[in-house]
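Breakdown of the fold
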Amino acid sequence: MNPTGVYAEFHHRSIHDRDAFWAEQAKLVDWHTPPQHICDYSNPPFAKWFLGGTTNLCHNAVDRHLKDRPDQAALIYVSTETGIEKTYSFRELHAEVQRMAAAIKGLGVQKGDRVLIYMPMIAEAAFAMLACARIGAIHCVVFGGFASGALASRIEDASPRLIISADAGSRGGKAIEYKPLLDEAIKLSAHKPEAVLLVDRGLAPMTMVAGRDHLWDALRLQHFGAVVGCEWLEANHTSYTLYTSGTTGKPKGVQRDTGGYAVALAASMKHIYCGNAGETYFSTSDIGWVVGHSYIVYGPLIAGMATLMYEGLPTRGLAGEANGGIWWSLVEKYKVTVMFSAPTAVRVLKKQDPALLAKYDLSSLRALFLAGEPLDEPTAQWIGQSLGKPIIDNYWQTETGWPALSVCNGVEQTATRIGSPGKPVYGYDVKLLDDQTGAELTGANQKGVVVIEGPLPPGCMQTVWRDDARFVNTYWKTVPGKLVYSTFDWGIRDADGYFFILGRTDDVINVAGHRLGTREIEESIAAHPNVAEVAVVGVADPLKGQVAMAFAVIKDASLVPDDKARLKLEGDIMKLVDGDLGAVARPARVRFVTLLPKTRSGKLLRRAIQAVCEGRDPGDLTTMDDPSALQQIKDLLI
Ligand code: AMP
């Protein structure tokens with residue numbers, strides 16, 4: 001049956017006349033050599049897009065705008081941590097990126113080499129990403145909030161030739177030293193980078209390692225007038241890897257291509273975000289996350305927009321003063337037309353004086369997009385009413401790189417529905433499957449696992465870095481007898497085709513929009529000499545969406561009745577997680593028990609623990625080995 005409606009037809013064509021559809025979208029970017037073949041899906045689930053075409057992400061983001069808009073703002077950098085506010089035009093950005101590219105090349109980096117970027121939200125981080133793309137090096141950005149253990153495992157997996165970092169990040173005016181964490185991570189990792197390039201922000205002293213460490217300021221001057229052309233890369237050349245959490249403790253390197261990603265982002269700027277060249281895009285995310293890659297750095301620049309890169313809290317002004325209206329003042333000042341944030345940030349702002357919103361001229365703003373975690377109804381309503389602008393919830397993952405569910409107002413104005421991130425985006429053949437039988441659920445309001453039929457559209461992950469088997473086994477083999485991509489999210493679809501996301505099917509939790517694997521946190525806690533066993537679950541939280549809660553069995557049981565000793569141990573464990581993974585992964589509480597709820601075969605009953613913590617019915621417990629384990633947790637929560 002053919003669909004009716006402009007968007008429905010657009011989506012239908014993207015799936016059923018796939019190559020023609022994407023050939024058209026491919027015209028939104030510059031190609032050095034046009035693609036020979038739009039989609040090669042001869043070896044499912046590995047999709048190759050725009051085969052034979054050569055292009056470059058940095059060319060599309062920077063160089064191609066030099067002709068029409070050299071002096072227009074490209075990167076607007078605002079830090080309420082350091083009080084720095086600086087605008088780079090496309091011409092200036094081009095020069096900075098070439099200096100960085102020359103410095104990177106000078107440190108021995110060649111096409112295909114990995115460059116790990118462990119940086120705070122500073123303009124140099126964007127230069128570094130674009131410089132890598134320019135010369136065909138693969139960047140691996142690691143979120144600056146991660147600590148040495150998490151960083152070490154990523155260094156080991158990515159095996160970078162070069163690491164780019166800085167002396168420190170800053171949060172609430174307090175410097176967070178990066179260099180000691182980096183040095184420790186390099187010590188822990190079996191792989192050692194040949195060189196480390198450091199931006200000295202003057203926030204913290206750095207001990208330099210002779211022969212390995214280099215200062216950006218010096219190299220920038222050395223390469224001040226550098227001219228470094230773009231490498232023309234085959235569309236399937238890997239542009240970057242970005243680590244994300246899954247069911248096991250080992251993070252997965254989500255690997256992305258070049259051509260497909262460029263096309264997907266360019267098309268999304270037109271059809272989903274409706275951003276036009278010459279306007280300003282403001283995403284409040286961090287370059288350490290996928291939103292930062294797609295919609296701080298590449299997407300807006302590819303579209304010829306200025307991108308506003310922000311370092312700091314949403315509640316602090318440029319002079320370090322308390323200011324819950326800072327973001328709105330930036331919208332006014334830079335005439336932001338498209339803004340992108342996360343529900344948690346809005347919940348933080350909700351606690352501020354609502355008059356702050358009315359204080360600024362927000363007439364330039366067309367819509368606020370929110371993603372990364374479920375958008376609850378009160379938050380959606382509050383921000384929608386306060387701003388008087390459309391609030392557009394969109395659903396996606398590190399793996400997809402751009403929205404899989406959204407309304408696409410650039411194709412057809414579509415009403416949003418509270419609590420729903422919308423409908424399948426063009427290119428995504430989204431289905432709901434029964435988790436037991438694998439049968440497709442076509443009726444309204446039936447709960448199933450959200451899956452995507454292959455091929456995944458352009459811009460989605462190519463594979464897991466250096467682990468094709470993990471890509472296939474993790475994502476594509478969850479339904480017996482069917483090769484289909486699992487999102488690991490539960491969902492339902494209403495009678496009008498709007499999807500609603502109901503939470504993860506696996507052990508991934510979402511804290512303030514940050515995706516964390518409970519296993520990773522468990523492994524970190526289990527390293528404490530007094531911890532015998534531990535379970536970490538995600539528990540609903542009114543501000544952060546979810547927080548991690550840990551239940552540990554300790555070796556020295558004599559500590560259990562002693563309040564003071566327990567509190568000290570809890571503090572020590574939190575410090576351990578801070579030092580290993582970073583404060584972002586720190587559990588809200590660590591509670592002590594003498595045994596954990598398990599099945600008779602020894603499987604941890606995380607879902608039952610989570611239900612009890614949230615005051616819900618833990619469900620069927622017939623497989624549970626010793627019911628007193630769950631009772632202990634209940635007793636602790638009273
Ligand atoms: P990440 O890979 O960190 O972007 O996390 C992806 C996960 O975040 C998804 O699998 C969902 O569980 C959740 N998520 C992202 N966007 C939304 C949304 N709009 N509504 C509900 N959950 C979301």
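Residues numbered from 1 in each chain as written. Predicted model: local features only at pLDDT ≥ 70, side-chain atom pairs only at ≥ 80, totals over all residues. Heavy atoms only, no water.

Here we come to the packing of helix α5 (residues 123–135) against helix α10 (residues 290–302). Two packed helices can be described by the angle between their axes and the distance between those axes. Interhelical geometry of α5 versus α10 gives an angle of 60 degrees and a closest axis separation of 11 Å. Here α5 is positioned oblique relative to α10, judged by the angle of their axes. When you trace α5 past α10, the crossing you get is right-handed. Between α5 and α10, the contacting residues are A126, M129, L130 and A133 on the first element and H293, V297, Y298 and L301 on the second. Split by residue class, the contact of α5 with α10 holds 7 nonpolar, 1 polar and no charged. (Axes fitted to C-alpha atoms, helices over the stretch in contact; angles between N-to-C directions. Helix = DSSP H or I, 4+ residues; strand = E, 2+ residues; numbered from the N terminus. Parallel < 35°, antiparallel > 145°, perpendicular 65-115°, else oblique. Left-handed = near helix turned anticlockwise from the far one by under 90°. Contact = heavy atoms within 4.5 Å. Nonpolar A, V, L, I, M, F, W, Y, C, P; charged D, E, K, R; others polar.)

Once that is clear, we can look at helix α14 (residues 377–387). T379, A380, W382, I383, G384 and L387 are the residues of α14 that are buried. In the core, the buried residues of α14 are packed alongside α11 (326–334), α12 (343–350), α13 (355–358), β19 (367–370) and β20 (391–393). Trailing α14 by a residue or two, G388 shows a phi angle of about 65 degrees, which is positive. (Buried < 20%, exposed > 50% of the residue type's maximum accessible area, 1.4 Å probe, protein only.)

In the segment running from P44 into P45, the intervening peptide bond is cis, with an omega of 5 degrees. In this fold, P45 is placed in the loop between β1 (37–43) and β2 (46–51). A cis amide bond links G454 to the next residue, P455, at an omega of -5 degrees. Looking at where P455 falls in the secondary structure, it is placed in the loop between β24 (448–453) and β25 (463–464). Backbone geometry places F50, a non-glycine residue, at a positive phi of 55 degrees. In this model, R466 sits at a positive phi of 55 degrees, which is unusual for a non-glycine residue.

Take the pattern of salt bridges next. Considering all chains together, one arrives at 35 salt bridges under this definition. Across the salt bridge formed by R161 and E194, the nearest N and O atoms sit 3.3 Å from each other. Pair noted here: R161 is in the loop between α6 (148–158) and β8 (162–166) and E194 is in the loop between α7 (179–188) and β11 (195–199), with a separation of 33 residues, a long-range link. Here R161 falls in the partly exposed class, since its relative accessible area comes to 26%. Here E373 ties to R347 by a salt bridge, and the two come within 2.9 Å at their closest N and O atoms. On the criterion of sequence distance, the pair formed by E373 in the loop between β19 and α14 and R347 in helix α12 is long-range, its members being 26 residues apart. The same class applies to E373 as to R347, namely buried. Residues participating in the shared-partner salt-bridge network are K179, D183, R212 and D213. (Salt bridge = Lys/Arg side-chain N within 4 Å of Asp/Glu carboxyl O.)

Before going further, it helps to spend a moment on the pairing of strand β4 (residues 73–79). Across a regular strand the side chains alternate sides, sitting on one face of the sheet and then on the other. Counted residue by residue, β4 has 6 buried out of 7 residues, so it is predominantly covered. For β4 and strand β5 (residues 85–89), the ladder comprises 5 bridges, and the chain directions are antiparallel. Following the sheet pairing, Y77 is matched in β5 by K86. A loop of 5 residues connects β4 with β5, the two strands running antiparallel in sequence, and G83 in this loop sits at a positive phi of about 75 degrees. Across 5 bridges, β4 lies against strand β17 (residues 306–311) in parallel orientation. Looking at the pairing, L75 lines up with T307 of β17. (Pairing = 2+ DSSP bridges.)

It is at 8 Å that the axes of α6 and α7 come closest, and there the two elements cross at 50 degrees. Judged on the interaxial angle alone, α7 and α6 are oblique. Crossing hand, α6 versus α7: right-handed. Contact residues: α6 offers S148, G149, L151, A152, I155 and E156, while α7 offers L181, L182, E184, A185, I186 and L188.

As a further point, take the side chain of R504. Inspection of the secondary structure puts R504 in strand β27 (residues 499–504). Of note is the side chain of R504, whose polar atom sits 3.5 Å from the backbone oxygen of F488. At a separation of 2.7 Å, a polar atom in the side chain of R504 contacts the side chain of D506. Setting aside chain neighbours within four positions, we find R504 in contact with Q397, T487, F488, D489, W490, R515 and R607. (Polar contact = N/O pair within 3.5 Å; in protein donor to acceptor, adjacent residues only side chain to side chain.)

Glancing now at the packing of aromatic side chains. Inspection of the entire model under this criterion finds 36 aromatic pairs. Taking 4.4 Å as the distance between ring centres and 35 degrees as the angle between the ring planes, the aromatic pair formed by F143 and W289 counts as tilted. In this pair, F143 sits in the loop between β7 (138–141) and α6 while W289 sits in the loop between β16 (280–283) and α10, placing the two residues 146 residues apart along the sequence. For the pair F143 and W289, a shared accessibility class is recorded, and that class is buried. The interplanar angle of 15 degrees and the centroid separation of 5.3 Å between the aromatic rings of Y475 and Y485 together place this pair among those described as stacked. (Phe/Tyr/Trp six-rings, centres within 6.5 Å; stacked < 30°, edge-to-face > 60°.)

Such coordinate-based values are descriptive only and should not be taken to indicate function.
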